[in-house]
Structure formats: structure tokens, C-alpha cells
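Residue-level structural notes
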Amino acid sequence: MILKPQKGPQEQFLATRADIAIYGGAAGGGKTYALLLEPLRHMNVEGYSATIFRKNATQITIDGGLLDESMQIYGLLRSAVYKASPKPHWTFNGKARVSFMHIDGDSDLPKWQGSQICFLGFDELCHFSEVQFFYMLSRNRSTCGVKPYVRATCNPDVDSWVAKFITWWIDQETGYPIPERSGVLRYFCRDNAKVNWGDSPEELSKKYGVKPELCKSVTFIASSIYDNKILLERDPSYLANLHGLSLVERERLLKGNWKIRPAAGFYFKRLKVGEILPAIPADIVRWVRAWDLAATVSSEDKDSACTAGVLMGKRENGRIFIADVINVRENGADVRQLILNTARSDNALCGNVIVRIPQDPGQAGKDQAQSFVRMLGGFRVSVALESGNKVTRAEPFSSQWLVGNVDVKEAEWNDDYFRQLENFPTGKLKDMVDASANAYLELENEKPAFGFSF
């Protein structure tokens, strides 16, 4: 078994002499594999230490995560020994060490005071703050004989500090990496948190009076799934998964666009609706009514949040059908009665409809959810903890919408519904979008909702 990078960007990443190399900018380019492969060149160096960071511990141990990938690589080496305590780490020939750690916030930084890390690795650099990165850069030191260096991977994030840091390598009009600049070294010095750039240490020294040895070299190496021939051969469906993303996520993760932002019309377009049907199809195999509950009510304020309920079905052919949308401003007691009455009418019309109720974080959200479950005794109820931002939750439903896989029943509420979807996520009101997104997530959850438990 020979462990080596693939030809192209991955090989370029492992060959660069930059002090700091940032690799990726799209999904599927073999970023984590390259990051794990890098320390092996020094596995016989006494005292060599490498630490690869993720944002949180779950990202290290999750199925297919950093630890699993390391098992696929390091587990092939006779010299490699893995230990889970006191922290997940590998040792090689009793000399070099590779550890996996997390930095969940700036408050984690003081625990690294006094540390010496020869190789700093950041898996998904955009998940870390600029403060965290540059503080840990101060820990990038060693006496093992290997010059300290940093390697990082990332996916595009227009709002991250990384997007600003690698500006020179990105076309600021299109958002795509500039091919001829990929892998080119530049140099920077940092003064009071301001990063100054130049083409050489001498240029920086002349401009800013800094000693050349205080300058760091940096490069950005762009890659995408098309550079990962092995993945395309072993799992060609992954490319289809990326093509099935919403426009914004497809631009980011498939094409490596660093300038794309969520905007009205990116997630839902009226012209992308499959069909407007006059009646409910006879081949619905699963029904759900998902609710999005307004936190406060002001019947006089047309901009205040509404309570929305979307009745959605999944057909035998896999298409999605939206049969009914409720969008009202009512007080708490009236909302509860509305949900109960709607559950009764939905079951009478469609039979065996799951009622999905959102649960806000905290004890108050749990108490509210429990009260709805008690009220809906005898109905199939699903309670889902709201997590992630609205855009992330809407993306799976958006993907179905944009490929024309969603049909809608002809009704008076159509215009208001389409208008809110088209304005997402920049529009002020998102209640019907949230309810639709949650309904779709419930439809794709094949576990039957016979009842409820916390």
C-alpha cells in the first residue's frame, strides 16, 4: 500500500513550501485526506508534534469525520499507534505525534498558553475566528528541527475572515479562484491586527520597515470534486448530490464561489413550481402538517410574524404535493384551537396526517411542546427541536423546488405563498417557508411518528 496525494491540487498542497497553505474552496477535493497525509513526512522525527483542529469535538468523532479518516490512513502503518486518552492521538515509532483537538470559542485559547506545536492543522478554517487563528499561530513553534508551519482546509464563506485573507487569489467579480494564482506564494506581516501584503519579504521590509524574517509566506490552492478522481470513481453519486443543492450552496460547494450570498429568488422561484393541480392526487403515501408558531402576535401590525401551517404530501413517484397553507395572526389560545381543529379536518380529508410541532430551545420550549402533545392526544405528533439557521433548514426543500419536484394545489393562498418563498431569505416574513421546510424534513424522516417522547 502506497500513501500519496493525487496528481493536481492535492499534490501541490503537499509540495508547497509556504509557511501557511490554505487548500480547498469547494467540496469533495480530498481536503481532509491531504491534511492528514501531511504530517507523515515527519513521522520519524523525534519530538515532532502536529495538532489538527476542528470547531467542536463532535466533528472529530462523527461518522466519516477526522478520526475515521485517520483510521483509514494511519491504520495502514505498522509504526502507528492510536490512543483515545487523554486526547485522540497517534504516535509513530514512539517519536512523532498527531493529535486531534477542538477550539469551540475564543475562551478556549488560554488553555494553549505555553504549548509548542510544530504543525498546526485547521480542518474547515472558516469555522474558526481570526482571533483564534492568529493566537494559535503564536503557538506554532518547535525545537525538533522541523520548521513550524500551518496547513488548513476550507469551503467558501463570503462572510468569513478567510475570504478577506485570500482576496488576492479570488476573482472579486465572479467569486471564483483565479487558476493562474493557485499555489502562488505571497507574504504578509501583521501590525496591530492589520495584515499587510507584499510579493516578497523585501517588499514588506521596504514598505513597512519590518524585518524580512518576521514575514510569513502564504498560498491558497483551489480544488474541487473534479480534482478527486478516486472519489468520482468510487462514489459518482456524490457529484449528483452536489448538483442537487440549492443555487447558493451549489455555487459554493461545487464551483467554489467565494462571493455568492443568499438573495431573493435564489432558493425559490415561482416559475420552478412543478404543476398547479386543481385537486389532491390520489397517490399520496405520506402526509404531514408542519407548523411554525409566531412568538408574539400583533393583529394590527402587518409585518409581525404569523403562525403558519403547511399540509404536504409525498406521492408514490416521489414528488412533493402542497395541499394547503394556513397563515394567520392569532393569540396563543386561538392558535392552539386552530391547530387542534386543523388536525381533525386534515385527518378527515386525508387520513393519518402527522402533526409536526416545533420546539424552541430551553425548558419553556419543552413545556410548550409537551402541552401541544397532550392537547393532540389521539393524533400522530412529531416534535422537532429547532436547530441551525433558517436558510440551512430550507435548503433540502429548496433543492426539490428548484428541480420542479414540488406540485401545489390551486387555491387562494397561492400568491401569498409564492411571494414569500421568492423573497426568502431577504424578506422579513419567513413563516410559510419555515413551515414548508419542516414539513419536507418530516416527510423524509421515515421513522413513524406514533407518539412523542423527550
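One can find the structure itself at the top, above this paragraph.
All of the points below concern the structure found in this document. (Residues numbered from 1 in each chain as written. Predicted model: local features only at pLDDT ≥ 70, side-chain atom pairs only at ≥ 80, totals over all residues. Heavy atoms only, no water.)

**Considerations on the layout of surface pockets**
Which parts of space are left empty comes out when a probe the size of a water molecule is rolled across the atoms. Counted as a void, the largest pocket has a volume near 1000 Å³. Surrounding the largest pocket, 36 residues form its lining, Gly30, Thr32, Tyr33, Glu69 and Asn228 being those nearest its centre. The set of elements that each furnish at least two residues to the lining of the largest pocket consists of helix H2 (31-37), helix H4 (66-74) and helix H8 (229-234). With five residues, the top contributor of residues to the lining of the largest pocket is H4. (1 Å grid on protein atoms, 1.4 Å probe; cavity = no way out; pocket = protein on both sides within 12 Å on 5 of 7 lines; lining within 4 Å. Points joined across faces, edges and corners; volume = space filled by probe spheres on them. Helix = DSSP H or I, 4+ residues; strand = E, 2+ residues; numbered from the N terminus.)

**Describing the sheet that holds strand S13 (residues 307-315)**
Overall, mixed pairing links the seven strands, which are arranged S11-S17-S14-S13-S12-S15-S16 in an open sheet. Here the strands that pair on one side only, and so sit at the sheet edges, are strand S11 (276-277) and strand S16 (380-385). The strands that helix H13 (residues 390-402) touches are S13, strand S14 (320-328) and strand S17 (406-409); relative to S17, the one it contacts most, it runs at about 85°. The strands touched by helix H15 (residues 431-444) within the sheet are strand S12 (284-292), S13, S14, strand S15 (354-359) and S16, with S13 carrying the most contacts at an inclination of about 35°. (Pairing = 2+ DSSP bridges. Contact = heavy atoms within 4.5 Å. Axes fitted to C-alpha atoms, helices over the stretch in contact; angles between N-to-C directions.)

**Brief notes about the sheet that holds strand S8 (residues 186-191)**
Ordered by their spatial adjacency, ten strands build an open sheet running S3-S4-S5-S2-S6-S7-S1-S10-S8-S9, and the pairing between neighbours is mixed. Looking at the sheet topology across the chains shown, the edges are occupied by strand S3 (80-83) and strand S9 (194-198). If you compare each strand with its neighbour and ignore which way they point, the axes differ by 20° on average. Where helix H5 (residues 130-137) meets the sheet, its contacts fall on strand S1 (20-24), strand S2 (49-54), strand S6 (119-122), strand S7 (149-154), S8 and S9, and the angle it forms with S6 comes to roughly 165°.

**Considering the pattern of salt bridges**
Applying the stated criterion across every chain yields a total of 20 salt bridges. Among the ionic pairs, Lys7 bridges to Glu11, the shortest N-O distance being 3.6 Å. The exposure class of Lys7 is exposed, given its relative accessible area of 68%. Note on Glu11: relative accessible area 32%, which makes it partly exposed. Across the pair Lys390 and Asp434 runs a salt bridge, and its minimum N-O distance is 2.5 Å. Taken together, the residues Lys390 in helix H13 and Asp434 in helix H15 connect sequence positions 44 residues apart. Taken together, the shared-partner salt bridges connect Asp283, Arg315, Arg319 and Asp407 into one network. (Salt bridge = Lys/Arg side-chain N within 4 Å of Asp/Glu carboxyl O. Buried < 20%, exposed > 50% of the residue type's maximum accessible area, 1.4 Å probe, protein only.)

**Overview of the pairing of S14**
The side chains of a regular strand alternate, residue by residue, between the two faces of the sheet. In this sheet, S14 lies alongside S13 in antiparallel orientation, the contact comprising eight bridges. Residue pairing for S14: Val310 is matched across the bridge by Val325. With three bridges connecting them, S14 and S17 associate as parallel partners. Residue pairing in the sheet places Phe321 in a bridge with Asp407 of S17.

**Regarding helix H12 (residues 362-375)**
Three- or four-residue spacings in an α-helix give side chains the same orientation, since the helix completes a turn every 3.6 residues. Helix length check: H12, at 14 residues, gives a terminal C-alpha distance of 21 Å against a target of 20 Å (1.5 Å per residue), a fit within 8%. The set of residues buried in H12 consists of Gly365, Ala369, Ser371, Phe372 and Val373. Check the buried side of H12 and you find it contacts helix H11 (332-349), S15 and S16. (Expected span 1.5 Å × (residues − 1).)

**Some points on H4**
Among all positions in H4, only Leu66, Leu67, Ser70, Ile73 and Tyr74 are buried. With its buried residues spanning 120° around the axis, H4 presents them on a single face. Those residues of H4 that are buried are in contact with H2, S2, helix H3 (57-61), S3, strand S4 (89-92) and strand S5 (96-102). (Arc of directions from axis to C-beta.)

**A few points about the packing of aromatic side chains**
In this structure the tally under the stated criterion is 31 aromatic pairs. Look at Phe133 and Phe134: their rings are 5.1 Å apart centre to centre, the planes differ by 85°, and that puts the pair in the edge-to-face class. Like Phe134, Phe133 is buried. Seen from their ring centres, Phe397 and Trp401 are 6.0 Å apart, and the 70° between their planes marks the pair as edge-to-face. Placement of the pair is Phe397 and Trp401 together in helix H13, with a separation of four residues, close to one helical turn. We classify Phe397 as buried; its relative accessible area is 1%. Put simply, the rings of Phe53, Trp112, Phe122, Phe128, Phe133, Phe134, Trp161, Phe165, Trp168, Trp169, Phe188 and Trp197 pair up and form one aromatic cluster. Sitting over the ring of Tyr135, Arg139 keeps its end group 5.6 Å from the ring centre. The aromatic ring of Phe372 is capped on one face by Arg336, whose charged end is 5.1 Å from the ring centroid. (Phe/Tyr/Trp six-rings, centres within 6.5 Å; stacked < 30°, edge-to-face > 60°. Lys NZ or Arg CZ within 6 Å of the ring centre and 35° of its normal.)

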